[in-house]
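The primary structure of each chain is shown beneath.
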Amino acid sequence: MISRELMAPLMFGGLVVFMLIGYPVTFSLAAVGLFFGFISIHLGFFDFILLQALPERVYGILSNDTLLAIPFFTLMGAILERCGLAEDLLDGLGQLFGPVRGGLGYAVIVVGAILGAITGTVAASVIAMGLISLPVMMRYGYDQRFATGVIAASGTITQLIPPSLVLIVLADVLGRSVGDMYAGAWGPSVVQVLLFSAYVLLVSFVKPEWVPGIPRESLTLHGWPLVKKCLWGIVPSLVLIFLVLGTIFLGLATPTEAGAMGTVGAIVLAVVHRPEFSKRAKIAFWIGAVAITVISVPEALLLMPEAMPQVVLDASTGFLATFKTPLFIVFYAGLAMVMLESVLIPTLRGLLAEASRSTMRITAMVIFILIGSTIFTLVFRGVDGDLWIEHLLSGLPGGKVGFLIFVNVFVFFLAFFLDFFEIAFIIVPLLAPVAAKLGIDLIWFGVLLCVNMQTSFMHPPFGFALFYLRSIAPKEIKSSAIYWGAIPWVVLQVIMVAIVIAWPGLVTAFLDKGNDVDPTKIKIEVPASDYDKKEGAEEEAPPDFSTPEKK
Amino acid sequence: MKSLLALSRVIDAMNERLSYIANWLVMLSCLISAGNAFSRYAFGASSNAWLEIQWYMFAGMVMLGTSYTLKKNEHVRVDIVFSNLNTRRQIGVDIFGAIFFLLPATLIMAYLSWPIFHNSWVENEVSTNAGGLTRWPVKIFIPLGFALLSLQGFSELIKRWAMLTGHMKANLHYERPLQ
């Protein structure tokens, strides 16, 4: 006879063992959950009704509007990865910064941040930068370790800068709004870019031979063509960033819709980049672009009512009242023409099909980890596992700080062999209630974990970013160089964690400031989202972290 | 063995076909979501049906796509030990996992989730939102998805067994999915 107190530790131990043997995580989770569920029913710890709640939970996951953002952002990333934007950016900025000592390093960091602000996939950034910047860095005598390290690390910035997938997942698990998570992540993102750049600067003083400047005569572009190249990369990026992040923060769209619009933007960008882009579609593109620009000027003026004289405001309102709808029709017609092009150009059609295939599989994989962990967690709470964890963690010396240090060290080591989806779905739900009880702001907690989990991409020898880099790096780069190269950046990342712990204001300050355009108040204008109160209430409402009812 | 492998091929083919639907749902739901946002902004026109159809499609892409993801060996593993095993041991892990983890879990979930579809069907449940959709078409994805997953798990089991007994060339390529 197993006593009730033993169930939770046994379950947790069983999970660790069964995950380690290497069968797909979701099924191990589900099986451990169900197995212990039936044992508990047999021993009378709870009723069969608890297990009958499982399908409703699965339904709650599937009807979750926030999680719908995962396929959209993945699709956007998958399209952008193949459309040549990263190449333009790297080539332009590389030549712009190149002559400075360490310049290619700065270029990679900046491009990593820009790509990060557009989409949310590490793979895309690392692969693009590895393919384009790494050979250039090698040619001009950059140190191998430095070059691979800066590329891997900059690729992971994507994880922290909104609109990152990690933040969406964490928002869901912590029961906070995605908009808040995004707002909170801005401060640390900026600090991280600065910290990385500072390291490059430091290297350029301490070890100048690692990061030589490119001789000016070897640049292929000068003057206006170079500026044009940079603009050709940066302008579309800014438009996409506005389309995705701007619309979220201005309250024009939910994060999910922003992802969908970003995908449309990515498709347009992919079309514009193709040489097969037809003349008639080109005309449609420019007409549409003009139409949307004409609309956005008065719209932008109206966004700052305090700074504008009344005449301008009245004029803008009047203009929009008359011309908004016709101009939008023109814009949408242009958009439709360009989108049509993406179906007509065979290579592009193939690209889109491939992108949706890989998106579908990633989505199914991610959502199934969540389904598996839901099954596990429900039973785990049913046998008071949450109380057990809470008891363990609240017994730590040092209260709040002790808890945070423990959690971060724990996650740091877990990140060696679990990736962030697994940590976010399996571990974070166990930690969050304790954090909430200790009075820790969950947005801050989430952003902190996000910074920490970035290391999971860089840990030698299992880090994803290192894998990607290895797969595309030229042969003369040794694997050991990639592994050693990552270490200083992992250290920087640990410093970042310390910074975020020491200055919570970095996260929360942006939250308070955002009150006038509160991203949490994004409302769809139709009387929608009632469904989540009715059926999915359990899942949609912020999890209350209480134990489910049992016998 | 031969007839089992034939069965496995049938299952694989069926789930692959269904995955095409799932692929389409990705693109379609994305366009609907963007279109909905665009039309709401420009014309103030939007509807609950369009909002709901997005997550119906989401449910569809996950539950119809998961079996094919399993076939492609793309459900994420903790590969710290697994990647160091030889091929026979890896096959062993997969057989063990299929028998003790996947099949029981998916069969139980399919069984448990049947009632929520069935009740919705019998009661002809409709969304509580104005202009919302009938619920059973989305709820059927849950038992259906788990049932398809157990079929695919069975097919994988057959294939692993065939690999172990030399009826089939071992092919256990596992690569962590891109993120």
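Quick caveat: nothing in here was measured; it's all calculated off a predicted structure. (Residues numbered from 1 in each chain as written. Chains lettered and ligands numbered in written order. Predicted model: local features only at pLDDT ≥ 70, side-chain atom pairs only at ≥ 80, totals over all residues. Heavy atoms only, no water.)

S.K.: Could you give an account of the overall build of chain A, with specific residues and numbers?
M.R.: Each helix and strand in chain A was counted, giving 25 helices and zero strands. Its C-alpha atoms put chain A at 80 × 60 × 50 Å along the principal axes. With 551 residues in all, chain A has 59% of them scored as buried. For chain A, restricting intrachain contacts to residue pairs at least 6 apart in sequence, the fraction spanning at least 24 positions comes to 80%. Carbon and sulfur atoms form 70% of the exposed surface of chain A, whose accessible area is close to 21,000 Å². Positive and negative charge centroids in chain A, built from 32 and 39 side chains respectively, lie 9 Å apart. (Helix = DSSP H or I, 4+ residues; strand = E, 2+ residues; numbered from the N terminus. Buried < 20%, exposed > 50% of the residue type's maximum accessible area, 1.4 Å probe, protein only. Contact = heavy atoms within 4.5 Å. Areas by Shrake-Rupley, 256 points an atom, 1.4 Å probe, with all protein chains shown as cover. Lys, Arg positive; Asp, Glu negative; His and termini not counted. Charge placed at Lys NZ, Arg CZ, Asp CG, Glu CD.)

S.K.: So, a nonpolar patch on the surface: which residues are in play, and what are the values?
M.R.: On the surface, Trp224(A), Val227(A), Leu231(A), Val235(A) and Val239(A) cluster together into a nonpolar patch covering about 470 Å² of accessible area. Position of Leu231(A) among the secondary structure elements: in helix α12 (residues 223-249). (Patch = residues over 30% accessible without salt bridge, like charges linked within 9 Å, V, L, I, M, F, W, Y side chains within 5 Å. Salt bridge = Lys/Arg side-chain N within 4 Å of Asp/Glu carboxyl O.)

S.K.: So, the packing of aromatic side chains: which residues are in play, and what are the values?
M.R.: Residues and elements named next belong to chain A. Enumeration according to the criterion identifies 32 aromatic pairs over all chains in this entry. Consider the rings of Tyr23 and Phe27, whose centres lie 6.2 Å apart with planes at 50°: the pair is tilted. Each member of the pair Tyr23 and Phe27 is classed as buried. Look at Phe403 and Phe445: their rings are 6.1 Å apart centre to centre, the planes differ by 20°, and that puts the pair in the stacked class. A residue pair is termed long-range when its members are at least 10 positions apart, and Phe403 in helix α18 (residues 399-414) and Phe445 in helix α20 (residues 442-453) qualify at 42 residues. (Phe/Tyr/Trp six-rings, centres within 6.5 Å; stacked < 30°, edge-to-face > 60°.)

S.K.: Break down the environment of Leu4(B) for me, with residues and values.
M.R.: Residue and element names in this part refer to chain B. By secondary structure assignment, the location of Leu4 is in helix α1 (residues 2-43). Judged by relative accessible area, Leu4 falls into the partly exposed class, the value being 35%. C-alpha of Leu4 to C-alpha of Ser127: the two residues are 123 residues apart in sequence and 43 Å apart in space.

S.K.: Could you give an account of the packing of α12(A) against helix α13 (residues 255-273) of chain A, with specific residues and numbers?
M.R.: For any two helices packed against each other, one specifies the inter-axial angle together with the distance between the axes. Residue and element names in this part refer to chain A. It is at 7 Å that the axes of α12 and α13 come closest, and there the two elements cross at 160°. Between α12 and α13, the angle falls in the class roughly antiparallel. The two elements α12 and α13 meet at a crossing, and its hand is right-handed. Note on element contacts: α13 touches α12 through Pro255, Ala258, Met261, Gly262, Gly265, Ala266, Leu269, Val272 and His273, opposite Trp232, Pro236, Leu240, Leu243, Val244, Thr247 and Ile248. Here the residues of the contact of α12 with α13 are counted per class, giving twelve nonpolar, four polar and no charged. (Axes fitted to C-alpha atoms, helices over the stretch in contact; angles between N-to-C directions. Parallel < 35°, antiparallel > 145°, perpendicular 65-115°, else oblique. Left-handed = near helix turned anticlockwise from the far one by under 90°. Nonpolar A, V, L, I, M, F, W, Y, C, P; charged D, E, K, R; others polar.)

S.K.: Residues and numbers for the pattern of salt bridges, please.
M.R.: All names here are of chain A. Scanning the entire structure with this criterion turns up 15 salt bridges over all chains. Salt-bridge contacts for Arg357 lead to Glu354; the nearest nitrogen and oxygen are separated by 3.0 Å. In this pair, Arg357 and Glu354 both sit in helix α16 (residues 346-382), three residues apart, roughly one turn of the helix. According to the relative accessible area criterion, Arg357 is partly exposed, its value standing at 32%. On the basis of relative accessibility, which here comes to 30%, the residue Glu354 falls in the partly exposed class.

S.K.: Quick rundown of the interface of chain B and chain A? Include the residues and the values.
M.R.: A common way to state how big an interface is: give the accessible area lost once the parts meet. Each partner contributes residues to the interface: chain B has 71 residues there, and chain A has 86 residues. For the chain B and chain A pair, buried surface summed over both sides reaches about 7,200 Å², with 74% attributable to carbon and sulfur atoms. Counting the contacts that link chain B with chain A gives two salt bridges. Of the charged contacts in the structure, one is a salt bridge between Arg40(B) and Glu257(A), with a shortest N-O distance of 2.8 Å. Remark: the boundary between chain B and chain A carries seven residue pairs in polar contact (both at pLDDT 80 or more). With 18 residues, the single largest contributor to the side of chain B that touches chain A is α1(B). Grouping the amino acids of the side of chain B that touches chain A by side-chain chemistry returns 42 nonpolar, 19 polar and ten charged. (Buried area = accessible area lost by both parts, 1.4 Å probe. Polar contact = N/O pair within 3.5 Å; in protein donor to acceptor, adjacent residues only side chain to side chain.)

S.K.: Now, about the environment of Gly246(A): what can you tell me, with residues and values included?
M.R.: Here Gly246(A) shows up in helix α12. The sequence separation of Gly246(A) and Ala78(A) amounts to 168 residues, and the corresponding C-alpha distance is 21 Å.

S.K.: How would you sum up the nonpolar core? Please name residues and give values.
M.R.: Core analysis: the largest hydrophobic core is formed by 248 residues, its most contacted members being Phe445(A) and Trp489(A). Non-local contacts of Trp489(A), meaning those with residues more than four positions away in its chain, are made with Phe146(A), Gly149(A), Val150(A), Ala153(A), Phe196(A), Tyr199(A), Val200(A) and Met458(A). (Core = buried A, V, L, I, M, F, W, Y, C linked by side-chain atoms within 4.5 Å.)

S.K.: Give a detailed account of the side chain of Glu74(B), specifying residues and quantitative values.
M.R.: Along the polypeptide, Glu74(B) turns up in the loop between α2 (48-71) and α3 (79-82). Here the side chain of Glu74(B) touches Arg361(A) through a polar contact of 2.8 Å, side chain to side chain.

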